[in-house]
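Structural features, examined
The primary structure of each chain is shown beneath.
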Amino acid sequence: MVEALKKSIKSLIAQAVLMLLFPIAASNAYAEQLRDPTRPADMLGRGQSEVAAPGPVLQYVLISPQRRIAIISGKTLKVGDKYGDAHVVGISETEVVLQNGKTQQTLKLFPDVHKRLTSSGSSAKSDH
């Protein structure tokens, strides 16, 4: 009788320990699937198996009173620097312009974002 009671208690303790550890293990497995919000913009949402975009990719722009810097496909550049056969001729908040001879290429920081006009609010009713 005492032996059966000891086995029963050990079994209950083992079950309790497993029930306590399961949520911890499950939360760790879920956390590993979260994406790093501090990754550079070009890496967000990409899997390792995806092919990199063809041509140069604008990854980052830094504009301060002292300088204008852009990172294009991992290379840090400023106006006048050379990227491949092209020269950086302009850096703005959202794009960089490269010039190769008479050809200009504009690289956008967020190429999938398109601006559109919204109503000016003139149709909004006043409270008068």
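Small disclaimer: the values here were computed from a predicted structure and weren't measured. (Residues numbered from 1 in each chain as written. Predicted model: local features only at pLDDT ≥ 70, side-chain atom pairs only at ≥ 80, totals over all residues. Heavy atoms only, no water.)

This part takes up the sheet that holds strand β1 (residues 58–63). A sheet is described by the order of its strands in space; here three strands give the open sequence β1-β2-β3, paired in antiparallel fashion. Two strands lie at the open edges of the sheet, namely β1 and β3 (75–78), each paired on one side alone. Sheet twist, expressed as the average angle between the axes of neighbouring strands with direction ignored, equals 20°. Sheet topology places strand β2 (residues 68–72) next to β3; four bridges connect them, and they run antiparallel. Looking across to β3, one finds that Ile 71 is bridged to Thr 76. (Pairing = 2+ DSSP bridges. Helix = DSSP H or I, 4+ residues; strand = E, 2+ residues; numbered from the N terminus. Axes fitted to C-alpha atoms, helices over the stretch in contact; angles between N-to-C directions.)

Looking now at the nonpolar core. Among the nonpolar cores identified, the biggest contains twelve residues, and these are Leu 58, Val 61, Ala 70, Ile 72, Leu 77, Ala 86, Val 88, Ile 91, Val 96, Leu 98, Leu 107 and Leu 109. Looking at this core, the elements that each hand over two or more residues are β1, β2, β5 (86–91) and β6 (95–100). Here this core gets three residues from one element, more than from any other, and that element is β5. Residues in contact with Leu 98, not counting those within four places in the same chain, are Pro 56, Ile 72, Tyr 83, Ala 86, His 87, Val 88, Thr 103, Gln 104, Gln 105 and Leu 107. (Core = buried A, V, L, I, M, F, W, Y, C linked by side-chain atoms within 4.5 Å. Buried < 20%, exposed > 50% of the residue type's maximum accessible area, 1.4 Å probe, protein only. Contact = heavy atoms within 4.5 Å.)

Once that is clear, we can look at unusual backbone geometry. Despite not being glycine, Ser 73 has its phi angle at roughly 45°, a positive value. Along the polypeptide, Ser 73 turns up in the loop between β2 and β3. On the basis of relative accessibility, which here comes to 36%, the residue Ser 73 falls in the partly exposed class.

Here β1 pairs with β2 via five bridges, running antiparallel. Counted as the bridge partner of Leu 62 is Ile 69 from β2. The turn linking β1 back onto β2 is made up of four residues. Remark: two residues form the turn of the hairpin made by β2 and β3, two consecutive strands paired antiparallel; Ser 73 in that turn has positive phi of roughly 45°.

Note that every value here comes from positions in space, so none of it alone points to a role or purpose.
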